Amino acid sequence: MEKKKFGTLHDGTEVFLYSFTNQNKMTMTVTDLGATLVQLLVPDLEGKPRDVVLGYDTPQEYLLGDCYFGAVIGRNGNRIDKGRFTIDGKVYQLPINDNENNLHSGPNGIQTRKWDVADVDENARRITFHLVSPDNDNGFPGNFDMEMSYTLTDEDAIVLRYRGFSDKDTIANMTNHSYFNLAGHDAGTIEGHLLKLTAESYTPVRDEQAIPTGEIAPVAGTPMDFTSAKKIGRDIDADFEQLKFAGGYDHNFMLPGEEDELQKFAEVYCPESGICMGVVTDLPAVQFYTGNFITDQKGKGGAIYHKRQGLCLETQYAPNAINEPAFYSPLLKAGERYETETRYRFYTRNLDEDF
Ligand code: GAL
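The rules we used
Residues numbered from 1 in each chain as written. Predicted model: local features only at pLDDT ≥ 70, side-chain atom pairs only at ≥ 80, totals over all residues. Heavy atoms only, no water. Buried < 20%, exposed > 50% of the residue type's maximum accessible area, 1.4 Å probe, protein only. Helix = DSSP H or I, 4+ residues; strand = E, 2+ residues; numbered from the N terminus. Pairing = 2+ DSSP bridges. Contact = heavy atoms within 4.5 Å. Polar contact = N/O pair within 3.5 Å; in protein donor to acceptor, adjacent residues only side chain to side chain. Axes fitted to C-alpha atoms, helices over the stretch in contact; angles between N-to-C directions. Near = heavy atom within 4 Å. Areas by Shrake-Rupley, 256 points an atom, 1.4 Å probe, with all protein chains shown as cover. Nonpolar A, V, L, I, M, F, W, Y, C, P; charged D, E, K, R; others polar. Phe/Tyr/Trp six-rings, centres within 6.5 Å; stacked < 30°, edge-to-face > 60°. Core = buried A, V, L, I, M, F, W, Y, C linked by side-chain atoms within 4.5 Å.

Asks: Would you take a moment to explain the pairing of strand β24 (residues 285-289) for this structure?
Replies: The side chains of a regular strand alternate, first on one face of the sheet and then on the other. With respect to burial, β24 is a largely interior element, five of its five residues being buried. Both faces of β24 are covered, namely the face carrying A285, Q287 and Y289 and the face carrying V286 and F288. The pairing of strand β21 (residues 250-254) with β24 spans five bridges and is antiparallel. Bridge pairing in β24 places D250 opposite Y289. Alignment of β24 against strand β27 (residues 312-316), held across five bridges, turns out to be antiparallel. Within the sheet, the bridge partner assigned to A285 lies in β27 and is Q316.

Asks: Help me understand the environment of D250 in this model?
Replies: Here D250 is to be found in strand β21. Judged by its relative accessible area of 8%, D250 falls in the buried class. Sequence separation between D250 and V53 is 197 residues, and the spatial gap between their C-alpha atoms is 18 Å. Those residues in contact with D250 that lie beyond four places of it in its chain are R79, Q287, F288, Y289, N292 and F293. For D250, the side chain forms a polar contact with the side chain of Q287, separated by 2.8 Å.

Asks: Would you explain the sheet that holds strand β2 (residues 14-21) in this entry?
Replies: In space, the five strands of this open sheet follow the order β1-β2-β3-β4-β5, with antiparallel pairing throughout. The open sheet has two edge strands, β1 (2-8) and β5 (49-51), and neither has a second partner. Averaged over all neighbouring strand pairs, the angle between strand axes comes to 20 degrees, with direction disregarded. When strand β3 (residues 27-31) meets strand β4 (residues 36-43), the two strands line up antiparallel, connected through five bridges. Paired with T31 across the bridge in β4 is T36.

Asks: Can you help me understand the site of the ligand in this one?
Replies: The ligand sits among D66, Y68, R79, L103, H104, H177, Y179, D250, Q287, Y289, F293 and E314. Within the side chain of H177, a nitrogen or oxygen atom sits 2.8 Å from an oxygen atom of the ligand. Taking 310 Å² as the accessible area of the ligand by itself, protein coverage stands at 95%. Taken together, the residues of the shell around the ligand sort by class into five nonpolar, three polar and four charged.

Asks: In this structure, what is going on with the packing of aromatic side chains? I would like to understand it.
Replies: Aromatic ring pairs are reported here in terms of the distance separating the ring centres and the angle at which the planes meet. Counted under the stated rule, the structure contains 18 aromatic pairs. Relative to Y305, the ring of F69 lies with its centre 5.7 Å away and its plane at 85 degrees, an arrangement referred to as edge-to-face. Note that F69 is positioned in the loop between α1 (59-64) and β6 (72-73) and Y305 in strand β26 (residues 304-305), a separation of 236 residues in sequence. When its relative accessible area of 2% is taken as the criterion, F69 is described as buried. Relative accessible area serves as the criterion here: at 0%, Y305 is assigned to the buried category. Geometrically, the ring pair formed by F226 and Y249 is edge-to-face, given 5.1 Å between the ring centres and 70 degrees between the ring planes. Highlighted residues: F226 in the loop between β19 (217-218) and β20 (230-231) and Y249 in the loop between α2 (241-246) and β21, separated in sequence by 23 residues. Using a relative accessible area of 0% as the deciding quantity, one classes F226 as buried.

Asks: Would you take a moment to explain the environment of Y202 for this structure?
Replies: With respect to the helices and strands, the residue Y202 is situated in strand β18 (residues 201-203). The contacts of Y202, once residues within four sequence positions are left out, are E215, I216, A217, P218, V219, M224, F240, Q242, H251, N252, F253 and M254.

Asks: Help me understand the nonpolar core in this model?
Replies: Most often, soluble globular proteins have nonpolar side chains that are buried together. Ranked by internal contacts, the top residues of the largest apolar core, which has 69 residues, are L40, W115, Y150, L313 and F346. Per element, the largest residue contribution to this core is five residues, and it comes from strand β13 (residues 144-152). Contacts of L313, omitting those with residues within four sequence positions, involve L197, A266, V268, M277, V279, V286, Q287, F288 and Y344. Of all hydrophobic cores here, the second largest spans 17 residues; its members include L33, Y179, I294 and A303.

Asks: Before we go on, may I ask you to explain the pairing of strand β22 (residues 263-269) in this structure?
Replies: Most of β22 sits out of view: six of its seven residues are buried. Sheet topology note: the strand β17 (residues 194-197)/β22 ladder contains four bridges and is antiparallel. Paired with K196 across the strands is E267, a residue of β22. Relative to strand β23 (residues 275-281), β22 runs antiparallel, the two being bridged by six bridges. Considered in β23, the bridge of A266 is made with V279.

In structure tokens form, the structure reads like this:
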């Protein structure tokens, strides 16, 4: 592992970058600021490394940005209707930071905090971060003790493991918010990427505020259907109300597998670089987001990022699940362990191979 200073925050706190490289020359760089994935160098079809995640050059930009590039989100990812929920008969009110709702747990979330390095395993190429979100942090009940690790495997996967433990019943629904562009973070829109998603249903939203109606709707016969590989840009601007609400894809898809069992649910392919990404999780759902709200801004190495320059596959419990009995529940009981895993694996293929 290589450790480098990333920068100094306003209060004098130093933050660091940690890099691992495997035998195939894939490199993963993360920072203790927000346990954020900063860089992922993946060899393309010609063996040339491409950095396939969007991000910034300085810690300050990560703190100021509103896209959550590469960040770990918690303790609740995605939206909660009016920021309100009830646990054990008690009503909790979270801060409102997205229209009338709570998004990604509220302002100054865990993506803005410095995490401790709990462990480094050089042989496994694994780093484990640790952070405690105190009782009443952004209004959530319970001291929530989190561990999150990144592992770079010899099979060119990054494995993200999350663990949590609370002393009161709370919500546990963590994710990673990386924006992938398999042509390179500076290579323009992802609309030319192909996506295959096993989800046969999704959760339509009420309106532009993106709170699910509670319905679980089939993707068949709609632009939401990615069960056969399809160019992301093919239907993205279709005259379909759900896509109009979000200016593209920004929806929760229900995954078909068994709860808590690892399943491969997505494959993304970039014909230009030949890079593919397969995604595996044990979580019940995923937010597929096409970066519709990326406003023009400076990213890593002077690149200028635009709308739809990256795509996110945020594994999760469905948005607002704490208020929706029809969705799998993100409730974590006091004393029980929250434990989940998501993997992103990279490989290449030729344009003429079937996808
Ligand atoms: C996503 C969310 C989008 C947008 C984005 C942050 O998780 O689904 O609607 O808020 O985060 O810009």
